[in-house]
Amino acid sequence: MKRAFKSMFLSLLLCAALVMTFTGCDDDTSGGTIDEPEITGEYLAGEYAQQLTTDGAEVIVGSVDMEGSDGAYTVHIAEKEVVVNDGYEEGYYIADRNLTRDAELGPEARIACMSDGELTVKTPEEFMESYSGDEEQLYEVYLMGESAELLLAVDPEDLQADQ
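If you're wondering where the values come from, they're calculated on a predicted model, not measured in any experiment.

Whenever I open this one, the overall build of the protein chain confuses me. Can you help?
When you go through the protein chain residue by residue, the secondary structure sums to four helices and eight strands. The secondary structure elements of the protein chain, listed N-terminal to C-terminal, are α-β-β-α-β-β-β-β-α-β-β-α. The buried share of the protein chain, taken over its 163 residues, is 31%. Residue pairs at least 24 apart in sequence account for 57% of intrachain contacts in the protein chain once pairs closer than 6 positions are excluded.

Okay, here's the thing in structure tokens:
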């Protein structure tokens with residue numbers, strides 16, 4: 001009888017431990033998943049861009065136009081290049097590479113645009129209303145295969161410093 005009681009007690013204890021392990025009782029979880037960082041322009045330009053690059057994303061610089069609706073968007077990229085040249089007041093000029101590329105905006109893609117001198121996160125609809133087709137603004141477009149995963153507004157002077 002003692003042996004049966006002991007076995008039953010150990011079985012219940014083991015089941016309780018397994019339930020607690022698999023349900024995740026930590027404070028940093030929400031709905032059984034680890035909480036994501038707040039999605040800000042700073043996060044997208046830093047950690048997120050670095051992670052995409054580490055994962056093998058191709059980075060293209062250019063002006064961007066977007067079209068589409070209801071979650072299906074096509075990004076048109078006119079490739080540009082920042083060329084260092086002391087003959088210009090800014091010390092550089094932006095050359096058109098005469099290459100265009102189309103990519104589908106990924107389902108989890110992020111967009112960060114310049115607004116009042118700060119990077120702000122935008123939805124595809126907000127981007128198309130206010131920022132799409134601006135030939136003056138350059139973006140780094142992070143491509144994974146044929147899918148655009150990040151559109152990140154950049155300052156040409158920052159690109160010049162990378163060269």
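So what exactly am I meant to see when it comes to unusual backbone geometry here?
When glycine is set aside, most residues are seen to have a negative phi, and most peptide bonds are trans. A positive phi angle is found at Asp70, which is not glycine, with a value near 55 degrees. Structurally, Asp70 can be placed in the loop between β3 (58-69) and β4 (72-84). The phi torsion at Asn98 lies on the positive side, around 55 degrees, for a residue other than glycine. Taking the relative accessible area as the measure of exposure, Asn98 reaches 67% and is therefore exposed.

How should the side chain of Thr74 be read in this particular structure?
Along the chain, Thr74 turns up in strand β4. Looking at Thr74, its side chain comes within polar contact range of the side chain of Glu104, at 3.2 Å. Setting aside anything within four residues of it in sequence, one finds Thr74 in contact with Asp65, Met66, Glu67, Asp102, Ala103 and Glu104.

Is there a simple way to explain the packing of aromatic side chains in this structure?
The description of an aromatic ring pair uses the distance of the two centres, along with the angle that the planes make with each other. Across all of its chains, the model carries four aromatic pairs by this definition. A ring pair is formed by Tyr88 and Tyr93, whose centres lie 5.1 Å apart and whose planes are at 35 degrees; its orientation type is tilted. With a centroid separation of 6.3 Å and 20 degrees between ring planes, the pair formed by Phe127 and Tyr131 is classed as stacked. Across this residue pair, the class does not change: Phe127 and Tyr131 are buried. Here the aromatic residues Phe127, Tyr131 and Tyr139 are joined through ring pairs into a cluster of three or more.

Explain the nonpolar core here, please?
Considering soluble globular proteins, one finds that nonpolar side chains tend to be buried as a cluster. With 18 residues, the main nonpolar core has Phe127, Tyr139 and Leu151 as its most contacted residues. At the level of secondary structure, the elements contributing two or more residues to this core comprise β3, β4, β5 (92-115), β7 (138-144) and β8 (147-154). Sort the elements by how many residues they give to this core and β5 lands first, with four residues. Not counting the four nearest positions on each side in its chain, Tyr139 is found in contact with Ile60, Val61, Gly62, Val64, Ala112, Cys113, Phe127, Tyr131, Leu151, Leu152, Ala153 and Val154.

Where do I start with the environment of Thr120 in this structure?
Tracing the sequence through the fold places Thr120 in strand β6 (residues 118-122). C-alpha separation for the pair Thr120 and Ile39, spaced 81 residues apart in sequence, amounts to 9.6 Å. Sequence-distant contacts of Thr120, defined by excluding residues within four places in its chain, comprise Ile111, Ala112, Cys113 and Ser115.

Cut-offs and rules
- Residues numbered from 1 in each chain as written.
- Predicted model: local features only at pLDDT ≥ 70, side-chain atom pairs only at ≥ 80, totals over all residues.
- Heavy atoms only, no water.
- Helix = DSSP H or I, 4+ residues; strand = E, 2+ residues; numbered from the N terminus.
- Buried < 20%, exposed > 50% of the residue type's maximum accessible area, 1.4 Å probe, protein only.
- Contact = heavy atoms within 4.5 Å.
- Polar contact = N/O pair within 3.5 Å; in protein donor to acceptor, adjacent residues only side chain to side chain.
- Phe/Tyr/Trp six-rings, centres within 6.5 Å; stacked < 30°, edge-to-face > 60°.
- Core = buried A, V, L, I, M, F, W, Y, C linked by side-chain atoms within 4.5 Å.

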